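Here is how the chains run, residue by residue.
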Amino acid sequence: MLLRRFTRAPEHQNLPGTGLGLAIADELARACGGSLTVAPTGPHGLTVEFRLPAL
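Draft legend 1. Region of the structure containing the side chain of D26. Relative to the elements of secondary structure, D26 occurs in helix α1 (residues 21–31). Those residues within four positions of D26 in sequence are excluded, and the remaining contacts are L3 and L36.

Spelled out as structure tokens, the structure:
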């Protein structure tokens, strides 16, 4: 769900931003044959892994 356009966490609804960053990064990764994964980091935060194939 975090990789969908305009998705914002409820606690970040009133902060600046559009909710497009992860969606754009995911599209770029897939267009290059790679992937983008997200996982929660406790107790707060998010780990984002952007992988591209080796040339």
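Draft legend 2. The pairing of strand β1 (residues 35–40), seen in detail. Direction of pairing for β1 relative to strand β2 (residues 46–51): antiparallel, over a ladder of six bridges. Among the inter-strand pairings, L36 is bridged to a residue of β2, identified as F50. Remark: five residues form the turn of the hairpin made by β1 and β2, two consecutive strands paired antiparallel; G45 in that turn has positive phi of roughly 120°.

Draft legend 3. Structural detail: the pattern of salt bridges. A complete count under the given rule lists three salt bridges for this structure. Among the ionic pairs, R30 bridges to E27, the shortest N-O distance being 2.7 Å. Of this pair, R30 and E27 both sit in helix α1, three residues apart, which is roughly one turn of the helix. For R30, a relative accessible area of 49% translates into the label partly exposed. R51 is paired through a salt bridge with E49; the nearest N and O atoms lie 2.8 Å apart. Overlapping salt bridges, with partners in common, bring together D26, E27 and R30 in one network.

Draft legend 4. Just the side chain of T7, in detail. Assignment of secondary structure puts T7 in the segment before α1. Using a relative accessible area of 19% as the deciding quantity, one classes T7 as buried. Polar contacts involving the side chain of T7 include one to the main-chain carbonyl oxygen of R4, which spans 3.1 Å. Apart from residues no more than four positions distant in its own chain, T7 is found in contact with M1, L2 and G19.

Draft legend 5. Geometry of a nonpolar patch on the surface. Among the surface-exposed residues, I24, L28, F50 and L52 lie close enough to one another that they form a single nonpolar patch of about 390 Å² accessible area. Of note, L52 is situated in the segment after β2. Judged by its relative accessible area of 49%, L52 is partly exposed.

Cut-offs used in this document
- What you see as residue numbers is a count from 1 along each chain, following the sequence as written.
- Thresholds applied to this predicted model are a pLDDT of at least 70 for local features of residues and 80 or more for the giving and counting of side-chain atom pairs; totals over whole chains, interfaces and linings are not thresholded and use all residues.
- In computing side-chain properties, one takes all heavy atoms of the structure into account and sets aside hydrogens as well as water.
- Put simply, DSSP H or I for four residues or longer makes a helix, DSSP E for two residues or longer makes a strand, and each gets a number counted from the N terminus.
- By definition, residues are in contact when any of their heavy atoms lie within 4.5 Å.
- For two strands to pair, DSSP has to find at least two bridges joining them.
- Salt bridges are counted wherever a side-chain nitrogen of Lys or Arg sits within 4 Å of a carboxyl oxygen of Asp or Glu.
- Each residue is placed in one exposure class: buried if its accessible area under a 1.4 Å probe, protein chains only, is under 20% of its type's maximum, exposed if it is over 50%, and partly exposed if it falls in between.
- A 3.5 Å cut-off defines polar contacts: any pair of N or O atoms within that distance qualifies, except that in protein one atom must be a possible hydrogen donor and the other a possible acceptor, and neighbouring residues in sequence count only when both atoms are side-chain atoms.
- Two distance rules govern patches: like charges are joined within 9 Å, and nonpolar side chains (Val, Leu, Ile, Met, Phe, Trp, Tyr) within 5 Å, applied only to residues with over 30% relative accessible area and no salt bridge.
- A 1.4 Å probe and the Shrake-Rupley method give the accessible areas. Residues count as covered only by the protein chains that appear here.

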